[in-house]
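This is what each chain is made of:
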Amino acid sequence: MANRVMNNGPAPRDNVPPPPCSPPPDEPGSPHGNGNGPLRRTIKIINPLGLHWRIAERFSRTAKTFVCAVRVWHGESRADGKSPTDLILLVALPGTELVLEVDGDDAATALEPLTSILASSSGEDYAI
């Protein structure tokens, strides 16, 4: 404890503003955003178990079939949609509203299948 350095001033990292964490709001009247950037859809989790591992795995496996970037937002928290672990860390309980964001060449194609996985009441597919 005698070797402990005390510094009461701000560290260099304290002067850097944090990056923006929340997605820009959707354009009014459009479920897909403004058309100039990523496509977005707000989805309410209705599965009684919330967003659990099997759904996260199915979602990420489906997301990996597309070349576009897939992100899922829960408030200020963002997850890479191609990582089931990131999705689980969102802690999306029943009734949670998530924002699905896809950006890239096949984003329009990816939006519907990914939305249906998150919005399903069971999300279970034991045939996989």
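Structure's up top.
Residues numbered from 1 in each chain as written. Predicted model: local features only at pLDDT ≥ 70, side-chain atom pairs only at ≥ 80, totals over all residues. Heavy atoms only, no water.

> Can you walk me through the side chain of Ser60 in this structure?
Within the fold, Ser60 resides in helix H1 (residues 53-63). Residue Ser60 is classed as buried on the basis of its relative accessible area of 0%. Apart from the residues within four sequence positions on either side, Ser60 is in contact with Gly81, Lys82, Ser83, Pro84 and Leu87. (Helix = DSSP H or I, 4+ residues; strand = E, 2+ residues; numbered from the N terminus. Buried < 20%, exposed > 50% of the residue type's maximum accessible area, 1.4 Å probe, protein only. Contact = heavy atoms within 4.5 Å.)

> Please clarify how H1 should be interpreted in this entry.
Think of an α-helix as 3.6 residues a turn; residues three or four steps apart then line up on the same face. When we look at burial in H1, the residues that qualify are Ile55, Ala56, Phe59, Ser60 and Ala63. Taken down its axis, H1 places every buried residue within 125° of arc, on the same side. In this structure, the buried residues of H1 make contact with strand S2 (69-74), helix H2 (84-88), strand S4 (97-103) and helix H3 (107-119). (Arc of directions from axis to C-beta.)

> Would you take a moment to explain the sheet that holds S2 for this structure?
In a beta sheet, neighbouring strands pair by backbone hydrogen bonds and run either parallel or antiparallel. The strand order S1-S4-S2-S3 describes an open sheet built from four strands, whose pairing is antiparallel. Each of the sheet's edge strands pairs with one partner strand only, and the pair in question is strand S1 (39-44) and strand S3 (77-80). The average undirected angle you get between the axes of adjacent strands in this sheet is 25°. With six bridges joining them, S1 and S4 adopt antiparallel strand pairing. Within the sheet, the bridge partner assigned to Leu39 lies in S4 and is Val102. (Pairing = 2+ DSSP bridges. Axes fitted to C-alpha atoms, helices over the stretch in contact; angles between N-to-C directions.)

> Sorry if this is basic, but what is going on with H3 here?
Taking 1.5 Å as the rise per residue, H3 with 13 residues should run 18 Å; its terminal C-alpha atoms sit 18 Å apart, in good agreement. Among the residues making up H3, those that are buried are Ala107, Ala110, Leu111, Leu114, Thr115, Ile117 and Leu118. The secondary structure elements touched by the buried residues of H3 are S1, H1, S2 and S4. (Expected span 1.5 Å × (residues − 1).)

> What is the right way to look at the side chain of Arg71 in this model?
Position of Arg71 among the secondary structure elements: in strand S2. Polar contacts involving the side chain of Arg71 include one to the side chain of Glu101, which spans 2.5 Å. What Arg71 contacts, discounting residues up to four positions off in sequence, is Arg78, Ala79, Gly81, Val99, Leu100, Glu101 and Asp103. (Polar contact = N/O pair within 3.5 Å; in protein donor to acceptor, adjacent residues only side chain to side chain.)

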